[in-house]
Amino acid sequence: QVQLVESGGGLVQAGGSLRLSCAASGRTLSNSFMGWFRQAPGKEREFVAVISEDGINTVYAVSVKGRFTISRDNAKNTMYLQMNTLKPEDTAVYYCAAGSPPLSSLTRAGRYNSWGQGTQVTVSS
């Protein structure tokens, strides 16, 4: 069974940057889509970004496109999320996920079967 561990969260001022990492152990994820989701207090978990198995194809939520960059290093079994120009509305717990969702369901949290424990990102105004 794969285990996912996020790191890199923290407190940053608006306009700042953070880089999240998601390290996988237990088995290789080179054959899995990997994604980032986030959940703010009182809100549902929402899609942020997803990257294909080979790292070539990516999809972003409209709210983060142009500011966030998802990437992966299959040799290290690790995925990243570079977050720039952060806004207070980006404040949330960020989760990484892995799975093999249908292409029509890449943004649906329920289609991923492995999750990390989450890392808090807080952006102050």
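Just so you know, these numbers come straight off a predicted model, no measurement behind them.

The next subject is the pattern of salt bridges. By the definition in use, this model includes three salt bridges. One salt bridge in this structure joins R38 and E46, with 2.6 Å as the shortest N-O distance. Its relative accessible area of 5% is what places R38 among the buried residues. Note that R67 is salt-bridged to D90, the shortest N-O span being 2.7 Å. Residue R67 is found in the loop between β6 (58–60) and β7 (68–73), and its partner D90 is found in the loop between β8 (78–83) and β9 (92–99); the two are separated by 23 residues along the sequence. D90 shares its class with R67; the two are buried. Taken together, the shared-partner salt bridges connect R38, E46, R67 and D90 into one network.

Counted by the stated rule, this structure contains one disulfide. Each sulfur of the disulfide joining C22 and C96 lies 2.1 Å from the other. One quick way to see it: the torsion about the S-S bond of C22 and C96 is about 55°, and its sign makes the bridge right-handed. A residue pair is termed long-range when its members are at least 10 positions apart, and C22 in strand β3 (residues 18–25) and C96 in strand β9 qualify at 74 residues.

About the cut-offs
- Residues numbered from 1 in each chain as written.
- Predicted model: local features only at pLDDT ≥ 70, side-chain atom pairs only at ≥ 80, totals over all residues.
- Heavy atoms only, no water.
- Salt bridge = Lys/Arg side-chain N within 4 Å of Asp/Glu carboxyl O.
- Buried < 20%, exposed > 50% of the residue type's maximum accessible area, 1.4 Å probe, protein only.
- Helix = DSSP H or I, 4+ residues; strand = E, 2+ residues; numbered from the N terminus.
- Disulfide = S-S within 2.5 Å.

Nothing here speaks to function; it is geometry throughout.
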